[in-house]
Amino acid sequence: MTDSTNFRVFSGTATKYLAEKICQSLGCNLGNLVMTKFSDGEFAVSYEESIRGRDVFLIQSTFPNSDNLMELLLMIDAAKRASAKSIIAVTPYFGWARQDRKDKPRVSIGAKLVADLLAVAGIDRLITMDLHADQIQGFFDVPVDHLYGSGVLLPYLKSLQLENLVIASPDVGGAKRAKTYAKYLDCPLVLCNKTRACANVIESMQIIGDVKDKDVVIVDDMVDTAGTITTAANIMKEAGARSVRACASHCVMSGPASERVQNSALEEIVFTDSIPYSQRCAKVKQLSVADMFAETIRRVVNNESISSQYIVRN
């Protein structure tokens, strides 16, 4: 039980399922916030209780569509105008994070734009998890607490007690994360070399390392269309892997992703619940990060160390 006298927790529409579990873990009630929607699609936010002089935690992931981001911005603005002492955005999934740099001429840097929007709206702190690129933390001029989904994924992988475990990265960009998992689980590391024809379309993929008779776990930060993860799984199975699983922090799973996973060589794919998943796929499993975020909120309120709760740093 946490004394909630000096802080309140509120949630946007899309992440209420997680906010309720976080509040249950904290031993406090979810704050009373009303989202009024108009017939033209516009909406307005109002707090139905006083938040003057309190630390306000606003839980909302910014996955598509963009209404989720707009809800969060309005929640921040309303809290600022209601004289909240501090405003902390709790964003388990930080959307637009793949747009973190100029990878070709004349493109937007969406992650920086979203960071600026949150700052102008009035946040004093951001709590998020497994950003697509670590450097996004530098886009903010306020403290950023960057949590890791490995806090719930690693214990689950360890509980499987796979005899010939190998950790794999689906691309070179995820090698650092996969290496951290492999070091913690004391097992070999395999890499995939991937080239893309265009966004969400893979041109070719090769395995670097031995997977024959191994129990492979592919590690990534998110799964969107599942093209990369299922292609990697199928290639590894063809190369003689005994079993292939996957785990990722964020369950984007858009378009044909569920069908691809169901029809692939994957035995299961494990996510956190940073994003809700409503489609039916027997191979998808979600682990809750509610306790992890609740503990972080408690530590922020009590001015305690955040990093001391990490199992590993990805």
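In this text the structure is predicted, and so the values were computed from the model without any measurement.

**A few points about helix 5 (residues 175–185)**
1) Next: Taken together, the buried positions of helix 5 are occupied by Ala175, Arg177, Ala178, Thr180, Tyr181, Ala182 and Leu185.
2) Next: Backbone geometry just downstream of helix 5 places Asp186 in the positive-phi region, at approximately 55 degrees.

**Here we look at the environment of Ile88**
1) Next: Secondary-structure assignment places Ile88 in strand 5 (residues 86–91).
2) Next: Expressed as a C-alpha distance, the spacing of Ile88 and Gly122, which sit 34 residues apart in the sequence, is 9.2 Å.
3) Next: Apart from the residues lying within four places of it in its own chain, the contact partners of Ile88 are Asp55, Val56, Phe57, Leu58, Arg125 and Ile127.

**Some details on the sheet that holds strand 7 (residues 144–147)**
Two strands in a sheet stick together by hydrogen bonds in their backbones, pointing the same way (parallel) or opposite ways (antiparallel).
1) Next: The strand order across the open sheet built from 5 strands is 1-4-5-6-7, with neighbouring strands paired in parallel fashion. What marks the edges here is a single partner per strand, and that holds for strand 1 (7–11) and strand 7. On average, each strand axis in the sheet is tilted by 15 degrees relative to the strand beside it, whichever way the strands run.
2) Next: One ladder, built from 4 bridges, connects strand 6 (residues 125–129) with strand 7; its direction is parallel. Counterpart to Met129 in the pairing with strand 7 is Leu147.
3) Next: Against the sheet, helix 1 (residues 16–26) engages strand 1 and strand 4 (55–59), with an angle of about 155 degrees to strand 1.

**A closer look at the packing of helix 4 (residues 150–160) against helix 5**
Packed helix pairs are specified by the crossing angle of their axes together with the interaxial distance, meaning the distance between the axes.
1) Next: Interhelical geometry of helix 4 versus helix 5 gives an angle of 45 degrees and a closest axis separation of 11 Å. Relative to helix 5, the element helix 4 lies oblique. Seen from above, helix 4 lies across helix 5 with right-handed handedness. Here Ser150, Leu153, Leu154, Leu157 and Lys158 of helix 4 lie close against helix 5, whose contacting residues are Tyr181, Tyr184 and Leu185.

**A few points about the pattern of salt bridges**
1) Next: For the structure on display, the rule yields 14 salt bridges.
2) Next: Its salt-bridge partner being Asp215, residue Arg242 comes within 2.7 Å of it at the nearest N-O pair. With Arg242 in the loop between helix 6 (227–238) and strand 12 (243–251) and Asp215 in strand 11 (residues 215–223), the pair connects residues that are 27 residues apart, well separated along the chain.
3) Next: A salt bridge links Arg245 to Glu267; the nearest nitrogen and oxygen atoms lie 3.3 Å apart. Within this pair, whereas Arg245 is found in strand 12, its partner Glu267 is found in the loop between helix 7 (257–262) and strand 13 (269–272), the two being separated by 22 residues in sequence.
4) Next: Note on Arg245: relative accessible area 14%, which makes it buried.
5) Next: With relative accessibility at 43%, the residue Glu267 sits in the partly exposed group.
6) Next: Residues joined in a network through salt bridges with shared partners are Glu295, Arg298, Arg299 and Glu304.

Here is what the cut-offs are and how they apply
- Residues numbered from 1 in each chain as written.
- Predicted model: local features only at pLDDT ≥ 70, side-chain atom pairs only at ≥ 80, totals over all residues.
- Heavy atoms only, no water.
- Buried < 20%, exposed > 50% of the residue type's maximum accessible area, 1.4 Å probe, protein only.
- Helix = DSSP H or I, 4+ residues; strand = E, 2+ residues; numbered from the N terminus.
- Contact = heavy atoms within 4.5 Å.
- Pairing = 2+ DSSP bridges.
- Axes fitted to C-alpha atoms, helices over the stretch in contact; angles between N-to-C directions.
- Parallel < 35°, antiparallel > 145°, perpendicular 65-115°, else oblique.
- Left-handed = near helix turned anticlockwise from the far one by under 90°.
- Salt bridge = Lys/Arg side-chain N within 4 Å of Asp/Glu carboxyl O.

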